Amino acid sequence: MLTGNARYLQRDSKGAFSRAQAIYIIREDAQQERWYANELSVYQLNKDGNLSEVFTFTGKDPAVHHIRDILRFEDTLIIATSKGLYQFDLSNKLLKPLQYLPENALEDQFNSKTLLLHDKHLLIGTVRGLYRLPISALRQPSAEVLAETLLPKHNVWKIKPSQQYGILLATDSGLLQLDAEAITAKTLFQPGSTAFAYADDTILDFIELDDGNFWLGSRGDGAYFWNSQFAGFENVFNRTGENTLSHNVVLGLHSTATDLWIGTQNGLNRYHWHSGEIKQFLVNGDSAAVESAATIYGIYPHASDRYLWLLTAVSLVQFDTVSNQLVVPTSAQNSDVFQQYIYSVTQTADNDLLIINAKGAFRIKNDSSAQPLKSLSLFLSSPQDAQWFGADPAAVNEFFFFYQGAIWRYRLEQDKVSLVYQLPEQHKDKVLFGEGMQQVDQSLWFLISGLGLVELDSTNFTLKSTFFNPDEPSLSTSILYALQKDNQDYLWMSSHSGLWRFNPKLRLLRQFTSRDGLAYNEFNGSSGHFSHHNNKMVFGSMRGVSIFEANQFIAQKQAQPTLYFTNVSLESKKLVPQLIPAQQQELKLAHDDYGLRVQVSAFDYKLQNDTQYRFDLSGSMELPDYIKPFPYLSLPNLTPGKYSLSVSAFDPATEQYRKPP
């Protein structure tokens, strides 16, 4: 059955509209017949176009007993009411109750609101629970066949099939995707997981558009326009009153084939990839402490799968993942090294740690022995200013680090430092930090927070390019963190304004914010991780972690919608309003006209906040390369002559330009 809700007021015998006859349910069955219902009656349209009553409940108080949904199955109507289910036989006009729950079930479990036939079952959404009844029970209503409980506690407002997701549920917990085989539901959207103020998480109804977008109706916050790509971000965090994570501020990340380890401002968490179950460890009882031994800035693998290295606010320790206990190094000779505040950490191929602390630089082996790196320690006169980038992908035991405005190379076996790249003089007074390195083809990309990206040749380390703010208009921030590379060779960075994806081959950026489904826009330094076990990208923020598969944000290279001129106006005089958008438009101006403003639209709401518009003006005057994030152009004055204005829009999902008007 196709579904829809509307208000249709039937005329009474005197020709006036009667609110007592207001129709609020309209359904169309497989035979393309439409059925209408109000609180107590079901109707069809007759040949004259008027409603003809098919059935009515008599002697019922509509405030207590009212129709909530109808569905045709073969030659019967299934009628969902606030007091249970009924079957109405269209042939003999007989009505029978349909007992789908035991008699001692709760009243809210009988308050049935929405119906759907799916895979030889009738799905029944109620005020308390989702149930599945075999179709055989509809064909033999006298048989005592009870429904199977799929979701016991949800208030289910709507059940609808989806082109993309199979079965979707509008519930008091948001928009859910139902897996009827596994009897589980995945949350796709919740108002409380957005950056918007909200009343509650209830979604009352939804419409799926042909392009895959959704309109979602909430109970107290109006309608949401939801791009299905938003579901690509799984946000794990504590909402008010919850204790999912030990703390919302995430600082360190590490993954295995089965688990994601999450270090926070207070405690360590193990998130199971498959089940989503979270366990907490090492939580400080003083939850108000900003820093403590439970503050975990980094998580690093150990040579033994049983242990993890934890960099805390006060020391470097090992964590036993079997006993879930800390293992503190006991060697008196090395205790001072572990107790010093550590500024930066990287790892060798055999999982030894290279650390920089106030005493200098050290190599920490898996047996907890500490080896001083003498030449490097002497070189680092201000060790607090040094940050490791990581190992050279092409050379074992050779590493890069950032120090005092330059990128340096360190040969571990020779204990030797050499200069690789010195930043230009104009940047020497900026506050800069090294935030990661990744190799793409024959290039090494270095992220310097406070500036941007540096591209060096991976063989001879010569400079190939830079991508600095504010030299690049598309990069609106220089505070960037945690450079990661996905399996499509895109580079990802976090920031205080969301996540950024960089295409190093085309030098194109795309920004993701809370508008795109992130729980929060403020991310933390060095808190980024790519899990090679399952191709999941993870970034830690001030509001938990955001987990996603990066390749889902690569759209197919399909035909782009055409841009239309939607409005042309002048400051000097009023023009005739443009009622119909046009692909091409001609405008003649008088010599004293001024203040021309042109607006365009693609009528595509998927990525309107990320689209960039390019305006090309040719004629007596020409514009330089002019790209802006807004679909309009204002020209104060033009010299006399003929002009041609062409507008194109860059779609960040397909990395293509839309056709100009």
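The sections below set out a description of the structure shown in this document. These figures come from a predicted structure and were not determined experimentally.

Of regular secondary structure, the chain possesses four helices and 55 strands. On the principal axes, the C-alpha backbone points of the chain span a range of 100 × 80 × 40 Å. Expressed as a percentage of its 661 residues, the buried residues of the chain come to 51%. The long-range fraction of contacts in the chain, counting pairs at least 24 apart against all pairs at least 6 apart in sequence, stands at 45%. Of the roughly 31,900 Å² of accessible surface on the chain, a fraction of 48% belongs to carbon and sulfur atoms.

It is worth spelling out the side chain of Gln-438 at this point. Within the element layout of this structure, Gln-438 appears in strand β38 (residues 433-440). A distance of 3.3 Å separates the side chain of Gln-438 from the backbone oxygen of Leu-483, its partner in a polar contact. Residue contacts for Gln-438: discarding those within four places in its chain leaves Ser-443, Leu-444, Trp-445, Leu-483, Gln-484, Lys-485 and Leu-491.

Taken together, the side chains of Tyr-297, Tyr-341 and Tyr-343 define a hydrophobic patch exposed on the protein surface, amounting to about 270 Å² of accessible area. Relative to the elements of secondary structure, Tyr-343 occurs in strand β30 (residues 342-347). Of the residues examined, Tyr-343 reaches a relative accessible area of 32% and is grouped as partly exposed.

Here we take up the environment of Gln-87. Position of Gln-87 relative to the elements: it lies in strand β8 (residues 84-89). Of the residues examined, Gln-87 reaches a relative accessible area of 5% and is grouped as buried. Remark: the alpha-carbon pair of Gln-87 and Leu-138, spanning 51 residues in sequence, is separated by 8.2 Å. From its side chain, Gln-87 meets the backbone oxygen of Leu-138 in a polar contact 3.0 Å long.

On to the sheet that holds strand β28 (residues 316-320). Within a beta sheet, neighbouring strands are joined by backbone hydrogen bonds and run either parallel or antiparallel to one another. Spatially, the four strands line up as an open sheet ordered β26-β27-β28-β29, and their pairing is antiparallel. The outermost strands of the open sheet, each flanked by one partner alone, are β26 (296-301) and β29 (325-327). Sheet twist, expressed as the mean angle between neighbouring strand axes with direction ignored, is 35 degrees.

This paragraph deals with the nonpolar core. In terms of nonpolar packing, the biggest core is built from 19 residues, with Leu-85, Tyr-100, Leu-115, Leu-122, Ile-124 and Leu-133 touching the most fellow members. Elements represented by at least two residues in this core include exactly β6 (67-73), β7 (76-81), β11 (121-126), β12 (129-134) and α2 (135-139). Looking at this core, the element that brings in the most residues is α2, giving three residues. Among all residues touching Ile-124, those that are not within four sequence positions of it are Leu-85, Tyr-100, Ser-112, Thr-114, Leu-115, Gly-129, Leu-130, Tyr-131, Leu-133 and Ile-159. Among the nonpolar cores identified, the runner-up in size contains 17 residues, and Met-437, Ile-448, Leu-451 and Phe-468 belong to it.

This paragraph deals with the sheet that holds strand β10 (residues 112-118). Read across the open sheet, the four strands follow the order β10-β11-β12-β13; overall the sheet is antiparallel. The outermost strands of the open sheet, each flanked by one partner alone, are β10 and β13 (148-151). Averaged over all pairs of adjacent strands, the angle between their axes in this sheet comes to 25 degrees, without regard to strand direction. Alignment of β11 against β12, held across six bridges, turns out to be antiparallel. Bridging from a neighbouring strand, Leu-123 pairs with Arg-132 of β12.

What follows concerns the packing of aromatic side chains. Applying the stated criterion across every chain, the model contains 41 aromatic pairs. Between Phe-379 and Phe-401, the ring centres sit 6.2 Å apart and the planes meet at 75 degrees, which makes this aromatic pair edge-to-face. With a gap of 22 residues between them, Phe-379 in helix α4 (residues 374-379) and Phe-401 in strand β35 (residues 398-403) connect regions that are remote in the sequence. Overall, the relative accessible area of 27% leaves Phe-379 in the partly exposed class. With 6.4 Å between their ring centres and 15 degrees between their planes, Phe-539 and Phe-548 make a pair best called stacked. Phe-548 carries the same exposure label as Phe-539, and that label is buried. Three or more aromatic residues link up through ring pairs in this structure, and these residues are Phe-233, Trp-492, Phe-512, Phe-523, Phe-539, Phe-548 and Phe-553. The ring of Tyr-490 carries the charged tip of Arg-501 above its face, separated from the ring centre by 4.6 Å.

With that settled, the discussion passes to the environment of His-532. Mapped onto the secondary structure, His-532 falls in the loop between β46 (523-531) and β47 (536-541). Each C-alpha atom of the pair His-532 and Ser-255 lies 8.6 Å from the other, and the pair is 277 residues apart in sequence.

Relative to the helices and strands, Val-647 resides in strand β54 (residues 643-651). Look at Val-647 and you get buried, because its relative accessible area is 0%. Remark: the alpha-carbon pair of Val-647 and Phe-214, spanning 433 residues in sequence, is separated by 28 Å.

Moving on: unusual backbone geometry. Glycine aside, residues mostly have negative phi, and peptide bonds are mostly found in the trans state. You will see that Asn-324, though not glycine, has its phi angle at about 60 degrees, which is positive. Relative to the helices and strands, Asn-324 is located in the loop between β28 and β29. Phi is positive for Asn-535, close to 60 degrees, though the residue is something other than glycine. Given a relative accessible area of 34%, Asn-535 falls into the partly exposed group.

Let's shift gears to the pairing of strand β20 (residues 223-226). Here β20 shows a clear split, with Tyr-224 and Trp-226 buried on one side and none of Ala-223 and Phe-225 buried on the other. In this sheet, β20 lies alongside strand β19 (residues 214-218) in antiparallel orientation, the contact comprising four bridges. When the sheet's bridge partners are listed, Phe-214 is paired in β20 with Trp-226. Hairpin connection of β19 to β20: four residues between the antiparallel strands, including Gly-222 at a positive phi of 80 degrees.

What follows concerns the pattern of salt bridges. Pairing between side chains of opposite charge can happen when their charged atoms approach one another. Considering all chains together, one arrives at 26 salt bridges under this definition. Note that Arg-409 and Glu-398 form a salt bridge whose closest N and O atoms lie 2.2 Å from each other. Separated by eleven residues along the polypeptide, Arg-409 in strand β36 (residues 406-411) and Glu-398 in strand β35 bring together distant segments of the chain. Overall, the relative accessible area of 15% leaves Glu-398 in the buried class. The shortest N-O distance in the salt bridge between Arg-507 and Glu-472 comes to 3.7 Å. Taken together, the positions of Arg-507 in the loop between β44 (498-503) and β45 (508-512) and Glu-472 in the loop between β41 (463-468) and β42 (480-485) put the pair 35 residues apart, joining distant regions of the chain.

So, how was this worked out
- Residues numbered from 1 in each chain as written.
- Predicted model: local features only at pLDDT ≥ 70, side-chain atom pairs only at ≥ 80, totals over all residues.
- Heavy atoms only, no water.
- Helix = DSSP H or I, 4+ residues; strand = E, 2+ residues; numbered from the N terminus.
- Buried < 20%, exposed > 50% of the residue type's maximum accessible area, 1.4 Å probe, protein only.
- Contact = heavy atoms within 4.5 Å.
- Areas by Shrake-Rupley, 256 points an atom, 1.4 Å probe, with all protein chains shown as cover.
- Polar contact = N/O pair within 3.5 Å; in protein donor to acceptor, adjacent residues only side chain to side chain.
- Patch = residues over 30% accessible without salt bridge, like charges linked within 9 Å, V, L, I, M, F, W, Y side chains within 5 Å.
- Salt bridge = Lys/Arg side-chain N within 4 Å of Asp/Glu carboxyl O.
- Pairing = 2+ DSSP bridges.
- Axes fitted to C-alpha atoms, helices over the stretch in contact; angles between N-to-C directions.
- Core = buried A, V, L, I, M, F, W, Y, C linked by side-chain atoms within 4.5 Å.
- Phe/Tyr/Trp six-rings, centres within 6.5 Å; stacked < 30°, edge-to-face > 60°.
- Lys NZ or Arg CZ within 6 Å of the ring centre and 35° of its normal.

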